[in-house]
Amino acid sequence: MSADFGVESPLPTFDKQKYRRHLRGWFSYAFASEVFVIVSLTLFLPICLEQFARDNGYLLPDKTEPCTSPTVSPAAGSDEEARCVVKLGWLWIDSASFSLYIYSISVALQALTVISMGGIADHPPHRKRLLLAFAALGSVSAMLFLLVPSTSPVWPLVAPFAICANVGFGASIVALNAYIPTLAQGAQEVVAARANLVKLLRGPGSPPEPRESSDSHEVEAEADQPLLSRHSDEDLSPDARTIKAEHDRILSVTTSRISSQGIALGYAAGIVMLLLAFIPVRAMKGSTDSLRLAVGLSGVWWALFSLPAAAWLPGRSSVAPIAATFGEEGEVAALASSANEENWSMTREIGRAWKRLGQMLRWREIVRLRNTFIYLAAWFLLSDGFTTITSTALLFGKTTLHMPPSSLILIGALTPTAGILGSLIWPMIQRRAGWSNLRVLVVLVAMASAIPAYGCLGFLPVFQKGSVKFGGLTTPAEMYVLAVYFGSVYGAFQGYARAFYAEFIPPGEEARWYALFSITDKSSSFVGPLIVGLIADTTGNIRYAFFFLVFMIWAAVPIMMSVDVERGREDAQRYTSAAFSSRS
């Protein structure tokens, strides 16, 4: 049995200098890219697109008076008269729906992109190259907003700019997330726990502590080793099961810690950029040009701080070393040959990625990784719901509560500030309460659902008739309170969601499975904005979308609670073992 566990290989090792360099590289890109999300994607970009449409739109019902006419108050007249529509081609589109439709298109294209790149990102050394290429696409597209004013006859170009920026961000984050399992498994405490397990399986006489490594690739080679790739817990002795459980616990906590710290660092960068953007937006009184400037500056930040990531992130994939844990030379040789294929072709890899996706989604594969796909089903609803809450709330504040851009900026700053606290405080709550990652996620989801439910209260007569001056999300002041509340939940939710998923990924296929994760994350989020846009167009009142959001979030809870965490880990390890066996 010892050969199956790879116990003849040296004990796992830890290279402190190399690990810290790679971790700094990972954090630096989180610091660079999250600014685009906070400053542009969730705040200025939807407002900017709506403002572009408004600057070129007309008021209903006559469609002759410009929406920016100084003689018309936003609240004047009936609801229909206050609506602003813009003509694109032969269609008249609500100005608020314009940004939602653009976002829906961008995430649909993002889905096609991340599917195509999954296999390439798992091929050494293309993961880092893909990350940097899409970072360049996204940051440059954001900076191009600086060149197109709303008075330009080519103003619709902002639509493809926004689409390319979102696609670039989403695709680069897939590559970034694929590093999480390697970084977590390479952490010192995880390496020590894995060494204890290998030492126990090897028997007496093994070295007492993990040795230091001087090989520049050895730590990553051993960090991804699936120790129990062919055996379930029932095959182990009681002592081995205890040590393995401790190893899994440490790995889970380390994964969520790294993920949460990345979120917190990215939020901190976003707050700094928001404060910088606030100066010109305030000075220019929230004009369209000031919004363009904010989006463009986020692109400059993104590009500038991606440079440290280019220097520090590892350029090698960890696919090949995983096979070494199986102790079979044929498997290692077969995989190494595949990884170093001289006739490697990007076109062929894209074709294989789509073929692989079809294989991953076969019923047989879904059964083999049942818990992984159960979580993905829940994640489809949750990620879409959380993302749509953000975009809907901002548009609601601008179009229904008539909040000025400076107020929306303040909300945009409050949310990530609370997100930093949430991403740091919730791991401490988890440790004290002894909760699993799954239980923390369920609590966070329940707390988030209270926000759209609160917005639904605005339909009650007591708020509609004005007898109560506060409540049901009918005043701007409530937006500030909900921004802090939502940020404290969302910041922690993002970190725990992707860390929890890392526990079910087959080792060696991180990019492929994080590509699927992205499809059901931001790439699936075209559904929510599309439905909200249709609701706004049909009813003329975006508040009705809150009912849809409550349903979407709560529909995911029973699905997520059915995940069997331990079984999911074992299934992922067996999946990798079977894949290597088929290649030998």
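Keep in mind that this is a model prediction, so the values were computed, not measured.

1. Notes on the overall build of the protein chain
Per the secondary structure count, the protein chain includes 24 helices and 3 strands. Expressed as a percentage of its 584 residues, the buried residues of the protein chain come to 58%. Across the protein chain, contacts joining residues at least 24 apart in sequence account for 83% of those joining residues at least 6 apart. For the protein chain, the computed accessible surface area is about 23,100 Å², with 63% contributed by carbon and sulfur atoms.

2. Quick look at helix α16 (residues 370-399)
The terminal C-alpha atoms of α16, which comprises 30 residues, lie 43 Å apart, in line with the 44 Å expected from a rise of 1.5 Å per residue. Helix geometry: α16 is bent most strongly at Trp379, by close to 25°. Here α16 lies mainly inside the structure; 25 of its 30 residues are buried.

3. With respect to the sheet that holds strand β1 (residues 58-59)
Spatial ordering of the open sheet is given by β1-β2-β3, a layout of 3 strands whose pairing is antiparallel. Here the strands that pair on one side only, and so sit at the sheet edges, are β1 and β3 (91-94). In this sheet, strand β2 (residues 84-88) lies alongside β1 in antiparallel orientation, the contact comprising 2 bridges. From the neighbouring strand, Leu59 faces β2, where its bridge partner is Cys84.

4. Let's talk about the pattern of salt bridges
Tallying each qualifying case throughout the model produces 13 salt bridges. Ionic pairing is found between Arg257 and Glu189, a salt bridge with its closest N-O pair at 3.0 Å. Within this pair, whereas Arg257 is found in helix α9 (residues 238-283), its partner Glu189 is found in helix α7 (residues 188-202), the two being separated by 68 residues in sequence. Exposure remark for Glu189: the relative accessible area of 31% places this residue in the partly exposed category.

5. Side note on the pairing of β3
In this sheet, β3 lies alongside β2 in antiparallel orientation, the contact comprising 4 bridges. Within the sheet, the bridge partner assigned to Leu88 lies in β3 and is Leu91.

6. Focus on unusual backbone geometry
Backbone geometry at Lys285 places phi at a positive 55°, although glycine is not the residue there. Considering the arrangement of structural elements, one finds Lys285 in the loop between α9 and α10 (288-304). Overall, Lys285 belongs to the exposed group, its relative accessible area being 78%. Phi angles above zero are rare outside glycine, and His402 is one such case at about 55°.

7. So, the environment of Gly315
Considering the arrangement of structural elements, one finds Gly315 in the loop between α11 (306-312) and α12 (319-322). Considered as a pair, Gly315 and Arg127 are 188 residues apart in the sequence and their alpha carbons are 7.2 Å apart.

8. Details of the nonpolar core
Phe44, Tyr375 and Phe493 are the most contacted members of the largest nonpolar core, which has 155 residues in total. Discounting chain neighbours no more than four positions away, the residues touching Tyr375 are Leu441, Ala497, Phe500, Tyr501, Phe517, Met560 and Val563.

9. Examining the packing of helix α1 (residues 16-55) against α9
The contact between α1 and α9 brings their axes to 7 Å, and the two run at 45°. Regarding the angle of α1 to α9, the classification is oblique. Crossing angle aside, the handedness with which α1 passes α9 is right-handed. Tallied by class, residues from the contact of α1 with α9 come to 19 nonpolar, 5 polar and 1 charged.

10. Some words on the environment of Ile451
Among the structural elements, Ile451 can be located in helix α18 (residues 437-456). Filtering out sequence-adjacent residues up to four positions away, Ile451 remains in contact with Leu482, Tyr485 and Phe486.

11. What to know about the packing of aromatic side chains
Inspection of every chain in the model, using the stated rule, returns 29 aromatic pairs. Ring centres 5.5 Å apart and planes at 65° place the aromatic pair Trp26 and Phe27 in the edge-to-face group. Comparing Trp26 with Phe27 shows no difference in burial state: the two are buried. Ring centres of Trp301 and Phe305 lie 4.7 Å apart, and the angle between their planes is 40°; this geometry places the pair in the tilted category. Residue Trp301 is classed as buried on the basis of its relative accessible area of 11%. Through a chain of ring-to-ring contacts, the aromatic side chains of Tyr375, Trp379, Phe386, Phe486, Tyr490, Phe493, Phe500, Tyr501, Phe504 and Phe517 assemble into a single cluster.

Rules used throughout
For every chain, the first residue of its written sequence is number 1, and the numbers climb from 1 along that sequence. Restriction of local features to residues with pLDDT of at least 70 applies here, the model being predicted, together with a cutoff of 80 or more for giving and counting side-chain atom pairs; totals for whole chains, interfaces and linings are based on all residues. Only hydrogens and water are set aside when side-chain values are computed; all heavy atoms of the structure are taken into account. A helix here means a DSSP run of H or I that spans at least four residues, while a strand means a run of E at least two residues long, and both kinds are numbered starting from the N terminus. Relative accessibility under 20% of the residue-type maximum defines a buried residue, over 50% an exposed one, and the middle range a partly exposed one, all with a 1.4 Å probe and only protein chains included. Any two residues having at least one pair of non-hydrogen atoms within 4.5 Å are treated as being in contact. Residue burial considers only the protein chains on display, and all accessible areas are found by Shrake-Rupley using a 1.4 Å probe. Expected span, for any helix, means 1.5 Å times one less than how many residues it has. Two axes are fitted around each residue, one to the seven residues ending there and one to the seven starting there, and the angle between them is reported as the bend at that residue. At least two bridges found by DSSP between two strands is the condition for calling them paired. By convention in these notes, a salt bridge is any Lys or Arg side-chain nitrogen within 4 Å of a carboxyl oxygen on Asp or Glu. What we call a nonpolar core is a set of buried Ala, Val, Leu, Ile, Met, Phe, Trp, Tyr and Cys residues that are connected through their side-chain atoms within 4.5 Å. All axes here are fitted lines through C-alpha atoms, helices being fitted over the stretch that makes contact, and every angle between N-to-C directions spans 0 to 180 degrees. Every angle not falling under 35 degrees, over 145, or within 65 to 115 is termed oblique; those three ranges are roughly parallel, roughly antiparallel and roughly perpendicular. Left-handed is the label given to a crossing in which the near helix is rotated counterclockwise from the far helix by less than a right angle, and right-handed is the label when the rotation is clockwise. Charged residues are taken to be Asp, Glu, Lys and Arg, nonpolar residues to be Ala, Val, Leu, Ile, Met, Phe, Trp, Tyr, Cys and Pro, and polar residues to be all remaining types, Gly included. Aromatic pairs are defined between Phe, Tyr and Trp rings, using the six-membered ring for Trp, whenever the two ring centres lie within 6.5 Å; interplanar angles under 30 degrees are classed as stacked, those over 60 as edge-to-face, and all others as tilted.

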